[in-house]
Amino acid sequence: ALTIGIVGLPNVGKSTLFNALTRQTILAANYPFATIEPNVGVVNLPDERLEKLAEIFGSEKILPATVSFVDIAGIVKGASEGEGLGNQFLANIREAHAIAQVVRVFEDENVIHVDGKVDPTSDMETINTELILADMQTLENAIPKLEKQVSGKKADKATLDAYREALTVLEAGETVFSKASSLDMEQLAQISLLTAKPFIYVFNADEGVLGSPERQKELADLVAPAESVFLDAKLESDLVDLSEEEAREMLELNGQEESGLDQLARVGFNTLGLQTYLTAGPKETRAWTIPQGATAPEAAGVIHTDFQRGFIKAEIVSFDDLVAAGSMNDAKAAGKVRLEGKDYVMKDGDVVEFKFNV
Ligand code: GDP
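What you see as residue numbers is a count from 1 along each chain, following the sequence as written. Given that this is a predicted model, residues contribute local features only at a pLDDT of at least 70 and side-chain atom pairs are listed and counted only at 80 or more, while totals for whole chains, interfaces and linings are drawn from all residues.

**A word on the overall build of the protein**
In step 1: For helices the rule is a DSSP run of H or I covering at least 4 residues; for strands it is a run of E covering at least 2, with both sets numbered from the N terminus onward. Of regular secondary structure, the protein possesses 15 helices and twelve strands.
In step 2: In terms of overall dimensions, the protein is globule-like: its C-alpha atoms have a radius of gyration of 23 Å, near the 21 Å expected for 358 residues.
In step 3: Summarising its shape, the C-alpha atoms of the protein cover approximately 65 × 60 × 40 Å along the three principal directions.
In step 4: For the protein, with 358 residues in total, the buried portion stands at 39%. For this measure, only C-alpha atoms enter the radius of gyration; the expected value for a globule follows 2.2 Å times N^0.38, where N is the number of residues. We call a residue exposed when 12 or fewer other C-beta atoms sit within 10 Å of its C-beta, buried when the count reaches 20 or more, and partly exposed for counts in between; the C-beta positions come from the backbone.

Here is the structure:
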C-alpha cells in the first residue's frame, strides 16, 4: 500500500499526532486481525456516502478505504550528511510515497522549541534544507555518470537535462515538488529524489490559529502548491477517546467542521493520487482504492486479479443518481445504470458491479 511519511523537528507534536492516528487504527473496526506495526498508523478515509449506500442495500457492514501513515524518526540538522539518525531517516523517507511535515504553530511556554522560538518558516526551512541537500548529493552523483552514458549514446539527453534542471532548482533552495509544473517529472521519476515526493504540511495549531482564517491562509500560501492541514494534535488525541457525538461537539467548540485526522486522511489520500469506487450489497458496502485515472478492468483487479483477467463489462451508476432513484431497481428503470467496457475510466463515486468470466 502507499504510505505517507510523517516528519518534523523534535517537539512539534509528531508523537502526539501519531499516537492519535494509531489509537484510531486500533479502534478501526475493519482491522481486528491485522498485525499493526508500531510505526504505522492506518486510518479510515471518511466517506459519508458509505452509510447512505449501506442503508439502501441493507448492508451488514461498511468497509471504508484507508490511508497509511509511517512515523519517521526525528530529523536533525546534518541528517543529509548521515549524522546520528540521518541515514536511517533518509532510508525510511525514501520508502514513503508522500511526506507530511508537521510544523509547530502552537504557543506553549511549557513546551521547549528546539530553536528557542516558534517560527514555522524557519522550521520548514530547516527540514527542507536537509531534504534538498540529500537530493543535491543524489543528483551530483548521478549526473557525471549520466553525462558519460549520454556521450556514449547509452542514455537519453532528455534525462540529463531534467536532472540538471532539478539540480538548479535545489541549488536555489526549492524542493522539486514545489516546481513540479516546470520540471520534467517523468524523467525525474527514474531517480529517487526525496523532495520530488508530494508534500503535505500539517500545521499543529492552537485556538489562535484554528480560529483565524487569515493566519491559515498566510501559512497555506507559504507552502502552496503543497496542501496544508490545520489541526491541534493534543485535541485530536483527546477526540479519539470521545463518542462520535461528543467529538463533534468538541470540534464545533473549536470552530472545526471535521476532525484534523479526517482532514489529514482526505488530503493524504488525494495527494497520493488515489480515488475510490464503491460496491454495495447485503453483506457489505465497501470503498475500493484505485489510482486516479484507472480503467474499469484495473478497478476490477483491485477486488481480485481474476476479475481483471475475465473482465467483460461494468454495470455502473453514479452515487448521486442511485440516491436520487432510491434503489438499484429504480435507478435501472430510470435508465441511470450504464454498461461500461474495458476502456472506461473510473469516476469518483461510481457504484459498480463487475461482470466477468471465471
Ligand atoms: P515530537 O517530538 O514532535 O514527537 O513532539 P511530541 O508529540 O512529543 O510533543 C512535544 C510536546 O508538545 C509534548 O509535551 C506535547 O504534549 C506537546 N504538544 C503536542 N501537540 C501540542 C499542541 O497541539 N498544543 C500544545 N499546547 N502542546 C502540544
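**A look at the UniProt feature "binding site: ATP" (unreviewed entry) in the protein**
In step 1: The positions that UniProt labels "binding site: ATP" (unreviewed entry) are, in the present scheme, Asn11, Val12, Gly13, Lys14, Ser15 and Thr16.
In step 2: Residue position: serine 15 is located in helix α1 (residues 14-27).
In step 3: Overall, serine 15 belongs to the partly exposed group, with 17 C-beta atoms counted inside 10 Å.
In step 4: Mapped onto the elements of the fold, threonine 16 is located in helix α1.
In step 5: Its 17 C-beta neighbours within 10 Å are what place threonine 16 among the partly exposed residues. UniProt positions are given in the numbering used here, feature names are shortened, and annotations may be inferred rather than shown by experiment.

**Quick word on unusual backbone geometry**
In step 1: The step from alanine 224 to proline 225 runs through a cis peptide bond, and the omega angle for that step is 10°.
In step 2: Residues other than glycine seldom take positive phi values, yet asparagine 11 does so here, at roughly 70°.
In step 3: Positioned with a positive phi, lysine 153 is a non-glycine residue whose angle comes to about 60°.
In step 4: Note on placement: lysine 153 falls in the loop between α4 (120-151) and α5 (157-171).

**Quick look at the nonpolar core**
In step 1: If you look at the biggest cluster of nonpolar residues, it comprises 63 residues, and the most contacted ones within it are Ile6, Ile200, Val202 and Phe203.
In step 2: Sort the elements by how many residues they give to this core and α4 lands first, with seven residues.
In step 3: The contact criterion used here is simple: two residues whose C-beta atoms, placed from the backbone, lie within 7 Å are in contact. Ignoring sequence-local partners within four residues, the contact set of isoleucine 6 consists of Lys14, Phe18, Phe69, Val70, Asp71, Ile72, Ala100 and Val102.
In step 4: Working definition: the nonpolar core is a set of buried Ala, Val, Leu, Ile, Met, Phe, Trp, Tyr and Cys residues, joined through C-beta atoms within 7 Å. Within the second largest apolar cluster, 25 residues are counted, among which are Ala287, Ile290, Ala296 and Phe354.

**Quick word on the sheet that holds strand β4 (residues 66-71)**
In step 1: Pairing in this open sheet of six strands is mixed, and the strands run β2-β4-β1-β5-β6-β7 from one edge to the other. Looking at the sheet topology across the chains shown, the edges are occupied by β2 (40-44) and β7 (227-231). Between one strand axis and the next, the sheet turns through 25° on average, direction left out of account.
In step 2: Strand pairing is assigned whenever DSSP identifies at least 2 bridges connecting the two strands. Two strands pair when backbone bridges link them, and β2 and β4 are joined in this way by five bridges, in the antiparallel orientation. Axis definition: a line fit to C-alpha positions, over the contact stretch in the case of helices; interaxial angles, taken between N-to-C directions, run 0 to 180 degrees.

**Remarks on the packing of α4 against α5**
In step 1: Where α4 contacts α5, the axes come no closer than 9 Å and their chain directions differ by 155°. Compared by their axis directions, α4 and α5 come out roughly antiparallel. When the axes of α4 and α5 are compared, the crossing they make is left-handed. Counted together, Ile132, Asp135, Met136, Leu139, Ala142, Ile143, Leu146, Glu147 and Val150 of α4 and Lys157, Thr159, Leu160, Tyr163, Arg164, Ala166, Leu167, Leu170 and Glu171 of α5 form the full contact between these two elements.
In step 2: A class-by-class count of the residues in the contact of α4 with α5 yields twelve nonpolar, one polar and five charged. Convention used here: angles under 35 degrees read as roughly parallel, angles over 145 as roughly antiparallel, angles from 65 to 115 as roughly perpendicular, and any remaining angle as oblique. Crossing handedness follows the turn of the near helix against the far one: under a right angle anticlockwise gives a left-handed crossing, and clockwise gives a right-handed one. Polar here means any residue other than Ala, Val, Leu, Ile, Met, Phe, Trp, Tyr, Cys and Pro, which are nonpolar, and Asp, Glu, Lys and Arg, which are charged; Gly is therefore polar.

**Focus on the confidence of the model for the protein**
Close inspection of predicted coordinates is inappropriate for parts of the model with low pLDDT.
In step 1: A score between 0 and 100, pLDDT records how confident the predictor is in each residue. Here the protein shows a mean pLDDT of 90. Residues at 70 or above account for 92%.
In step 2: Note on the complex model: pTM 0.89, ipTM 0.96.

**Some details on the site of the ligand**
In step 1: Residues are classed as near a molecule or strand if the C-beta position derived from their backbone is within 6 Å of it. In the vicinity of the ligand lie 16 residues, with Gly13, Lys14, Ser15, Thr16 and Asp108 positioned nearest.
In step 2: Those elements that provide at least two residues to the shell around the ligand are α1 and α9 (233-239).
In step 3: The element that contributes the greatest number of residues to the shell around the ligand is α1, accounting for three residues.
In step 4: Tallied by class, the residues present in the shell around the ligand amount to five nonpolar, six polar and five charged.

**Thoughts on helix α10 (residues 244-253)**
In step 1: Burial analysis of α10 places just one of its ten residues in the buried class, a small minority of the element.
In step 2: Phi turns positive one or two residues past the end of α10, at glycine 255, with a value near 75°.

**Details of the pairing of strand β5 (residues 98-104)**
In step 1: By the criterion of burial, β5 is predominantly enclosed, with seven of the seven residues buried.
In step 2: In β5, alternate side chains face the same way, and those of Ala98, Ala100, Val102 and Arg104 on one face and Ile99, Gln101 and Val103 on the other are all buried.
In step 3: In this structure, strand β1 (residues 3-7) lies alongside β5, joined through four bridges in parallel fashion. Each bridged residue has a counterpart across the sheet, and for isoleucine 6 the counterpart in β5 is alanine 100.

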